[in-house]
Amino acid sequence: MRFCKVLAVAAFAMLLLAFSTAALAQNNAPAFVDGIGTAKFGLDKSATNFSADATTIPYFRSTFTDPTNGVTYPYTMVGTNPANGDATTTVPTVIIPFNFVFINSPIANNSLDGTTKATLTAQSPLFQVADIGTAASSTASAPPPPPVATAGRTVNEPSDVTQVGDAIYRAQWGNTSSGYHVLLGQPTVLPTVTITVPKNQGFMIVGSVSGRRIGLMDIHWFANQLNNTMRSYHISPTVLPIFLLYNTFLYDTTPANCCVLGFHGATTSLNGNGKQQVQTYMFGSYSDAGIFGRKPGDSISYIQDIHGLSHEVQEWLDDPFVNNAVNPWLTPTAPQYGCTRALETGDPVVGFGFSVAMPNSVTYHPEDEVHYSWFARENPSRAEQGYYTYLNNFAGVANGCN
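Procedures and definitions
- Residues numbered from 1 in each chain as written.
- Predicted model: local features only at pLDDT ≥ 70, side-chain atom pairs only at ≥ 80, totals over all residues.
- Heavy atoms only, no water.
- Phe/Tyr/Trp six-rings, centres within 6.5 Å; stacked < 30°, edge-to-face > 60°.
- Lys NZ or Arg CZ within 6 Å of the ring centre and 35° of its normal.
- Helix = DSSP H or I, 4+ residues; strand = E, 2+ residues; numbered from the N terminus.
- Buried < 20%, exposed > 50% of the residue type's maximum accessible area, 1.4 Å probe, protein only.
- Contact = heavy atoms within 4.5 Å.
- Disulfide = S-S within 2.5 Å.

Student: Looking at this structure, I do not really get the packing of aromatic side chains. What am I missing?
Tutor: Aromatic ring pairs are reported here in terms of the distance separating the ring centres and the angle at which the planes meet. Scanning all chains against the criterion turns up 26 aromatic pairs. Centre to centre, the rings of Phe-98 and Phe-100 are 5.2 Å apart; their planes meet at 40°, and the pair counts as tilted. The structure contains a cluster of three or more aromatic residues connected by ring pairs, namely Phe-60, Phe-64, Tyr-73, Tyr-75, Tyr-169, Trp-173 and Tyr-372. The ring of Phe-50 has Arg-61 sitting right over it, with the charged end atom 5.0 Å from the ring centre.

Student: Where do I start with the environment of Met-230 in this structure?
Tutor: Note on placement: Met-230 falls in helix α4 (residues 219–233). You can call Met-230 buried: its relative accessible area is 7%. For the pair Met-230 and Gln-279, spaced 49 residues apart in the sequence, the C-alpha separation amounts to 9.5 Å. Excluding anything up to four places from it in sequence, Met-230 contacts Ile-235, Pro-241, Phe-243, Thr-267, Gln-279 and Tyr-281.

Student: I tried to follow the state of the cysteines on my own but got confused; where do I start?
Tutor: Cysteine pairs can be covalently joined through their sulfur atoms, and such a bond is termed a disulfide. Throughout the structure, instances matching the rule amount to two disulfides. Across a sulfur-sulfur distance of 2.0 Å, Cys-258 and Cys-259 are joined as a disulfide pair. The sign of the S-S torsion, about 95°, decides the handedness of the disulfide formed by Cys-258 and Cys-259: right-handed. With its sulfur 2.1 Å from that of its partner, Cys-339 forms a disulfide with Cys-401.

Following this line, the structure appears as C-alpha cells:
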C-alpha cells in the first residue's frame, strides 16, 4: 500500500521539522507556523488491470506521447473523453465525518470532529455552483527556475460559473465555454464515526501560534481505520465517499514526517463475475486558518478550510485509480515531493490558491492545480489561454529530475 506519493520515489527529500522558515521561503514553499511540519498530500491503494465492464465511477482511458523522451503513457480520468464532444457527468457523493478522540492529550477537550465542518463543506464551491473567476489568487513569487513563475496575475482567469473542480477540469481541456462538465453530486452526510486514537498512534497539541487544537496521527493506522469504515458502510462503487476530518493531520511513522492533509485511493474486489467492483475514495482535513503559514508573497495562507479537500478532488478527477504515471518531474515549488512520476495535479502547487465567496457568507480557499499539458510536456498547452496551471503559475512544461 502506498500512503505517500513521496515515498514511492528513491530521490525523495523529506522536509523535517529542523528546516527553518527561511529555508522554506527560499524554496517558495509555505512556511511553518505551528511547527508541526509542512503541508503535503498522499496516495493510498491503487487499482489496476480491471476490465472495461467493472462497476465503478464513469471514466475514460487514453494515452499521450511525451515529446521529450518519445515514451507513450496511458492514463485514466473521470468522466467522458473531452475529445468526443460535450457531455455532463455527475458522480454521486457521500461525506463520512470522523470524530477522533485523543486519549494521549493533556487538553480537556480532546476530540476533533469532522461533523462540525460537514455543512460548511457541503456549502462550499466543491459542491455548489459559484463564480470561479472573480477572486484574488496566489501567484508564484520568483521561485528558482525552472519552472519560471509568471508575473502580475492577480485574478483567477477565465471566469466560469460552476463547481470549482469542474471549472479547473474544463479549463484543463480548453472547454471552459463548452457544454462539457464533470460534477460532484450533492453529498449525503452519513453518520459520524467516532474513533479513539491509541496513545502510540496519535496525540493532540495546541498550535504554538494559531492557538488551535490540532490532532496528529500515524498515517498507516489511520488508513486502516478509513478502509475498515468504508467496508462497513458497503458504499456503492459508483459513489465517491469523502472522509472528512477537522484539524487532524497525518505523519509517517514519526511526527517529524508531518503533515499529510489528504489522500485518495482505489480498491478492487477480488472477483465480480465480469462486473468487478472498483471503489474510489478520498479524505481531506478541513483546517482552520493560521495553522500553516502563508507562501512568500501572499497576504494570507491559502492552506485553510477546503484547500486540502480541493487538492484531492482535483487529483481524483485526473487520477481516480491512482495508476497514472508520467515522465518524472521535480519542481522547486514543491520540494517535499522530490522526484516523482505521479500525475497528481495538486502536488506541484501546494499552498497556491484563490478565494471564492459563497452565499453562506463564507470565503473558501481552493488550491491552484497543474494542468494535464504540464505533465504531458505539451507545448503549447491545450488548456484555456495556454496556461499550465489554473492560476497561470508556471510558464512552461514540467522539468525532469537531474
